[in-house]
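As a plain string of letters, each chain reads:
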Amino acid sequence: MASSGPKQAPKMSNKASAGGAGAAGANGAAPAVPLASPLMGKKKKPFLGMPAPLGYVPGLGRGATGFTTRSDIGPARDANDPVDDRHAPPGKRTVGDQMKKNEEDEEDLNDTNYDEFNGYAGSLFSSGPYEKDDEEADAIYAALDKRMDERRKERRELREKEEIEKYRMERPKIQQQFSDLKRKLAEVSEEEWLSIPEVGDARNKRQRNPRYEKLTPVPDSFFSKHLQTGDKHTSVDPLQGLAGLNTPYPGSMTPGLMTPGTGELDMRKIGQARNTLMDMRLSQVSDSVSGQTVVDPKGYLTDLNSMIPTHGGDISDIKKARLLLKSVRETNPHHPPAWIASARLEEVTGKLQVARNLIMKGTEMCPKSEDVWLEAARLQPGDTAKAVVAQAVRHMPQSVRIYIRAAELETDVRAKKRVLRKALENVSKSVRLWKTAVELEEPEDARIMLSRAVECCPTSVELWLALARLETYENARRVLNKARENIPTDRHIWITAAKLEEANGNVQMVEKIIDRAITSLHANGVEINREQWITDAEECDKASSVATCQAVIRAVIGIGIEEEDRKHTWMEDSDSCVSHGALECARAIYAHSLQVFPSKKSVWLRAAYFEKNHGTRESLEALLQRAVAHCPKAEVLWLMGAKSKWLAEDVPAARSILALAFQANPNSEEIWLAAVKLESENNEYERARRLLAKARSSAPTARVFMKSVKLEWVLGNIEAAQELCTEALKHYEDFPKLWMMRGQIEEQGENMDKAREAYNQGLKKCPHSTSLWLLLSHLEERVGQLTRARAILEKARLKNPQSPELWLDSVRLEFRAGLKNISNTLMAKALQECPNSGILWAEAVFLEARPQRKTKSVDALKKCEHDPHVLLAVAKLFWSERKITKAREWFLRTVKIDPDLGDAWGLFYKFEQQHGTEEQQEEVRKRCENTEPRHGELWCAESKHVLNWQKKTGEILELVASKIKNTF
């Protein structure tokens, strides 16, 4: 290639000259000789004479760029020619070596450089220049990768969490593996524990009886010497002898030996520190009055050892601080903090007398500093402190803090009064002094002092209010009027005036005073803070000032609230007042809300529930009468009123309320059924039948028919019940409860075939009714057809996927049949299909062996943290482990989260019967009766039983508790 360069050079230069004209024209340089052309006479092209556009390559359009000239490639060189660098390293001294090296750099075929996606070569464009657009592209791709990673982050974290949980289940901790054994230790008696033989010492004689090393104390000079020389010897040369330690060789006693500059320990300073600590300890334990020592000879050395610093740096720090503070004192002797800090440093180090001397010197240098005098009084003993305070008063007769300290130093009450009265002569404007003095006086003397105090401090609200409390009614009114004149911007004076009028029976004045207060404060530029006024109203409520509390609420409840937010905000305020125990405030808020929103059913309902929970029966009935007058279409308000009368055993009044409800809501199902329940509960069965017959004709619904069947069934009229059920199914064949009742009636009469037929017909019409499937399965299990029951449940699960009730019954079926392994397998499948089902997790806890139950309960709480069934299972678990306090806490938590779960109340009551007092049992019973639970497997089995149809909530609670056996 090197030899062919000269031969081809002319051709290349000719080609280059052929394209030179175009290049010259493009660069704006006119050619030397223009060529003759027929186009010369035409109009000149517009781009001629203009600079070339960006990126223009001359000759690219006609293919005149596929060649190079010598100026492009440089002179031809042989591969063996030396490079320009004379000092190039071996392997890079010739052109061929460098070309070979470049080829190696371009592609490295080593196995470590292989990439599955890119192969050996790496990136295709790694050798190219890295430009701005490459940087932008990389930034875009990086942002995309980050975005995709964030999208997958939650899924990845969830997967990692599941893997960790799986790992923990497969490989439990040693603590979990031995939990059952540790639990059994609770059963070991003290005699058994003491009878466990001691473990013998299996070591040999030499290990059992080691010969302790004999240690010889070494003088401090030895360590100092070796710290200086840097030697690392750990033993003394026996040839040196002890004389070498006492009389060192000449020249060794240098100043550096005694005060090492580089070693970590300064033995001389540690020796000084020991003497300092000894002196400090002795000064602490000496009697400052008589000078007699009170050292405890037995505990002294132990206490002294505990005070010796572990490092010499402690003493050094104290010395540095002392020097620094000394410098500050000398530089600025009139700086009080320097004297106080110096005294406290000496106090901390135990030099109390030095601290006292320093602070007294500070009082001489800074006689006008309160802090210095107070510190001096604190450091001095009793009588000396009094003398210091007296001296301080002479220098600073207007200092309140010094007078207060002087009063505190006095032990006799009379002396305290004398000091404070002397102080008030000098500083009559101090509220703190007046309050301290008044607290020591009797009521009559206090009233006299307060009357003088408000003259001296007319802007103190506390003094005015205290005086008003001690005065008579008439005088208190005058005092408060004067207080309002002196302090027109304080709301507490107005509220106190209102409370005063209420306490003296002038309730009609309370509203006027509060309204006048709002007006006056507005006129004086005071912003009415709604929250502060509501807080004041709550305090009035707690002080039994009901009228004042209600007047304040009415005055400020609407201030600063948008019109559309009023209802929501007021309901929140009422809930807040109830939580704070301010029931009258909440009642006033509800009363105001009902005046503003008289036709809002939700407000009436919340007010009614408030009266039901916190008020009396009379207040509830009065509220409900007003409610039905404003909202006659609200059935629930009519029903609450009728129920209140019925609970008060006023049946005629309840009937009249329901009659009025009929007039306002004709053909209302709820009111018909309430009337039927009222009559049936009071043993008026004929009236109940007539009402149901009217309801079936005027307002026929599935529930009305169901109640009709239930009434005949519980009264023992089986034939009438069956006829009504058949008639109802003609109209409402898709109502599953009718099919259930029909099957249960047949099952009660031991007609298993008819019952099975009824259930099967019902399932054809209502295939998604879980209760029907369960009833049919239980029927087959009762007659001994276990296989058929299992098949029914499998079919039910296919028709109703993800149904926890069906899975739970399948697990229990296998468990009752004694097939525990199959029940565990089914439970695992159930938790896979319904991972957030509380009833399944609660059952899974007690399917485990005792040692694994706690672990399973933790898993259940992670999946269903607020599910009442899981909380109930945890409570039962603590109950089974006899952890009574914890079990009670979890029972309370369960009934708080879901008070409608009757099973929780039954188990809680059973627990209190075994481990609680009679008061605790009664409390659980009352709470259950107030809540009136309606759901729960055990609860519904008793409450819906035909024989228990007239039983109250308390009686059903007793039945449920009696049926519970501690099999867990």
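Looking at an unreviewed UniProt entry, one finds the protein named Pre-mRNA-processing factor 6 and attributed to Pleuronectes platessa. You can read under Function (unreviewed entry) in the UniProt record for the protein the words "Involved in pre-mRNA splicing as component of the U4/U6-U5 tri-snRNP complex, one of the building blocks of the spliceosome. Enhances dihydrotestosterone-induced transactivation activity of AR, as well as dexamethasone-induced transactivation activity of NR3C1, but does not affect estrogen-induced transactivation."

Caption draft 1: Region of the structure containing the overall build of the protein. When its secondary structure is counted, the protein shows 53 helices and zero strands. Each of the 968 residues in the protein was classed as buried or not, and the buried ones make up 34%. Of the contacts formed within the protein by residues at least 6 apart in sequence, a portion of 51% connects residues at least 24 apart. For the protein, the computed accessible surface area is about 61600 Å², with 53% contributed by carbon and sulfur atoms.

Caption draft 2: The arrangement of the packing of helix α47 (residues 850-863) against helix α48 (residues 868-880) in detail. With their axes 10 Å apart at the nearest point, α47 and α48 run at an angle of 155° to one another. When the axes of α47 and α48 are compared, the pair comes out roughly antiparallel. Pair α47 / α48 crosses with left-handed handedness. Every residue of α48 that contacts α47 at R850, R853, K854, S857, A860 and L861 is listed here: V870, L871, V874, L877 and S880.

Caption draft 3: Looking closely at helix α28 (residues 530-542). Taking 1.5 Å of rise per residue, the 13 residues of α28 would be expected to cover 18 Å, and the 19 Å separating its terminal C-alpha atoms lies within 8% of that figure. Next to the buried residues of α28 lie α26 (491-503), α27 (507-523), α29 (546-556), α30 (566-579) and α31 (583-596). Residue N529 occupies the N-cap position of α28, its side-chain oxygen lying 3.1 Å from the main-chain nitrogen of E531. Directly beyond the C-terminal end of α28, a positive phi value near 65° is found at S544.

Caption draft 4: Here's a closer look at empty space enclosed by the protein. Taken as a whole and assessed by the stated rule, the structure comprises one cavity of 30 Å³ or more. Considering only enclosed or pocket space, the largest cavity measures out at about 40 Å³ in volume. A total of three residues in the lining of the largest cavity trace back to one element, the largest contributor, which is α47. A breakdown of the residues in the lining of the largest cavity according to their chemical character gives one nonpolar, one polar and five charged.

Caption draft 5: Expanded view of the confidence of the model for the protein. Residues of the protein with pLDDT of at least 70 account for 78%, and the chain-wide mean is 78. Long-range and interchain partners of residues 1-41, a stretch whose pLDDT sits below 50, account for 16 contacts in this model, where long-range means more than four residues apart. Between residues 235-263, whose pLDDT stays under 50, and residues either more than four places distant or in other chains, the model counts 19 contacts.

Caption draft 6: Quick peek at a negative patch on the surface. Where like charges cluster on the molecular surface, the negative patch consists of E131, D133, D134, E135, E136 and D138. Looking at where D138 falls in the secondary structure, it is placed in helix α5 (residues 132-170). You can call D138 partly exposed: its relative accessible area is 41%.

Caption draft 7: Here's a closer look at unusual backbone geometry. A positive phi angle, close to 55°, is found at Q802, a residue other than glycine. Within the fold, Q802 resides in the loop between α43 (786-799) and α44 (804-816). Owing to a relative accessible area of 57%, Q802 belongs among the exposed residues under this scheme. A positive phi angle, near 60°, is found at R882, a position not held by glycine. Under the relative-accessibility criterion, R882 is labelled exposed at 55%.

Caption draft 8: Molecular detail of the side chain of K645. Here K645 lies in helix α34 (residues 635-647). At a separation of 3.0 Å, a polar atom in the side chain of K645 contacts the side chain of E621. Residue contacts for K645: discarding those within four places in its chain leaves E621, D650, A653, A654 and I657.

Caption draft 9: Local environment of the nonpolar core. Formed by 126 residues in total, the largest nonpolar core has its most connected members in L433, W434, W533, I553 and L637. With residues up to four places along the chain from it excluded, the contact list for W533 reads R491, I495, A517, I518, L521, I528, V552 and V556. Judged by nonpolar contacts, the second largest core, of 33 residues, contains L738, Y759, I792 and V946.

Caption draft 10: Representation of the packing of helix α45 (residues 820-833) against helix α46 (residues 838-847) in the model. One can describe the packing of α45 onto α46 by two numbers: an axis separation of 11 Å at closest approach and a directional angle of 145°. Considering how the two elements wind past one another, α45 and α46 form a crossing that is left-handed. Residues K820, S823, N824, M827, A830 and L831 of α45 form the contact with α46, whose own contacting residues are L840, W841, E843, A844 and L847. For the contact of α45 with α46, the per-class residue count stands at seven nonpolar, two polar and two charged.

Caption draft 11: Region of interest: the packing of aromatic side chains. Summed over the entire model, instances satisfying the criterion amount to nine aromatic pairs. Centroid distance F705 to Y732: 5.9 Å. Interplanar angle 55°. Geometry classified as tilted. Taken together, the residues span a long stretch of sequence, with F705 in helix α38 (residues 702-714) and Y732 in the loop between α39 (718-731) and α40 (736-748) at a distance of 27 residues. Judged by centre distance (5.3 Å) and plane angle (40°), the ring pair of F891 and F911 falls under tilted. One end of the pair, F891, is in helix α49 (residues 884-897); the other, F911, is in helix α50 (residues 902-915), and 20 residues separate them in sequence. Feature note: the residues W879, F891, F908 and F911 constitute an aromatic cluster, connected by ring pairs. Looking at K876, its charged tip hangs above the ring of F846, at a distance of 4.9 Å from the centre.

Caption draft 12: Representation of the pattern of salt bridges. Per the stated rule, a full pass over the model turns up 45 salt bridges. Across the pair R401 and E370 runs a salt bridge whose closest N-O atoms are separated by 3.2 Å. Taken together, the residues R401 in helix α20 (residues 400-409) and E370 in helix α18 (residues 370-379) connect sequence positions 31 residues apart. Here R401 falls in the partly exposed class, since its relative accessible area comes to 37%. Across the salt bridge formed by E932 and K643, the nearest N and O atoms sit 2.9 Å from each other. On the criterion of sequence distance, the pair formed by E932 in the loop between α51 (918-931) and α52 (937-943) and K643 in helix α34 is long-range, its members being 289 residues apart. For E932, a relative accessible area of 25% translates into the label partly exposed. Linked through salt bridges whose partners overlap, the residues forming this network are R344, E347, E375 and R378.

Caption draft 13: Layout of a positive patch on the surface. Taken together, the side chains of K677, K707, K737, R934 and K944 present a region of like positive charge at the surface. Inspection of the secondary structure puts R934 in the loop between α51 and α52.

Caption draft 14: View of the layout of surface pockets. Computed from the structure, the second largest pocket encloses a volume of approximately 1700 Å³. Lining the second largest pocket are 42 residues, and of these M169, Q852, T855, K856 and D859 sit closest to its centre. Elements with a minimum of two residues in the lining of the second largest pocket: α5, α6 (174-177), α7 (179-184), α45, α46 and α47. Among the elements that take part in the lining of the second largest pocket, α47 stands out by supplying 10 residues, more than any other. In terms of residue class, the lining of the second largest pocket is built from 13 nonpolar, nine polar and 20 charged.

Caption draft 15: How the structure looks around the side chain of R491. Mapped onto the fold, R491 is located in helix α26. Not counting residues up to four positions away in its chain, the partners in contact with R491 are L521, Q532, W533 and D536.

Caption draft 16: Helix α25 (residues 473-486), seen in detail. Between its first and last C-alpha, α25 extends 20 Å over 14 residues, near the 20 Å set by a 1.5 Å rise per residue. Those residues of α25 not exposed but buried are A476, V479, L480, A483 and R484. The buried residues of α25 occupy an angular sector of 140° when projected down its axis, which confines them to one face. Across α25 from its buried face, at more than 90 degrees, point the exposed residues K482 and E485. Contact partners of the buried residues in α25: α24 (461-470) and α26.

Caption draft 17: Fine view of the environment of K643. Accessibility expressed as a relative area gives 29% for K643, which makes it partly exposed. Separated by 35 residues in the primary sequence, K643 and L678 have C-alpha atoms spaced 8.5 Å apart.

Caption draft 18: Region of the structure containing the environment of C549. With respect to the helices and strands, C549 occurs in helix α29. Judged by its relative accessible area of 0%, C549 is buried. Taking C-alpha positions, C549 is 9.8 Å from T535, a pair spaced 14 residues apart along the chain.

Calculation criteria
Residues numbered from 1 in each chain as written. Predicted model: local features only at pLDDT ≥ 70, side-chain atom pairs only at ≥ 80, totals over all residues. Heavy atoms only, no water. UniProt positions renumbered as here; feature names shortened; annotations may be inferred. Helix = DSSP H or I, 4+ residues; strand = E, 2+ residues; numbered from the N terminus. Buried < 20%, exposed > 50% of the residue type's maximum accessible area, 1.4 Å probe, protein only. Contact = heavy atoms within 4.5 Å. Areas by Shrake-Rupley, 256 points an atom, 1.4 Å probe, with all protein chains shown as cover. Axes fitted to C-alpha atoms, helices over the stretch in contact; angles between N-to-C directions. Parallel < 35°, antiparallel > 145°, perpendicular 65-115°, else oblique. Left-handed = near helix turned anticlockwise from the far one by under 90°. Expected span 1.5 Å × (residues − 1). Polar contact = N/O pair within 3.5 Å; in protein donor to acceptor, adjacent residues only side chain to side chain. 1 Å grid on protein atoms, 1.4 Å probe; cavity = no way out; pocket = protein on both sides within 12 Å on 5 of 7 lines; lining within 4 Å. Points joined across faces, edges and corners; volume = space filled by probe spheres on them. Nonpolar A, V, L, I, M, F, W, Y, C, P; charged D, E, K, R; others polar. pLDDT = per-residue confidence, 0-100. Patch = residues over 30% accessible without salt bridge, like charges linked within 9 Å, V, L, I, M, F, W, Y side chains within 5 Å. Salt bridge = Lys/Arg side-chain N within 4 Å of Asp/Glu carboxyl O. Lys, Arg positive; Asp, Glu negative; His and termini not counted. Charge placed at Lys NZ, Arg CZ, Asp CG, Glu CD. Core = buried A, V, L, I, M, F, W, Y, C linked by side-chain atoms within 4.5 Å. Phe/Tyr/Trp six-rings, centres within 6.5 Å; stacked < 30°, edge-to-face > 60°. Lys NZ or Arg CZ within 6 Å of the ring centre and 35° of its normal. Arc of directions from axis to C-beta.

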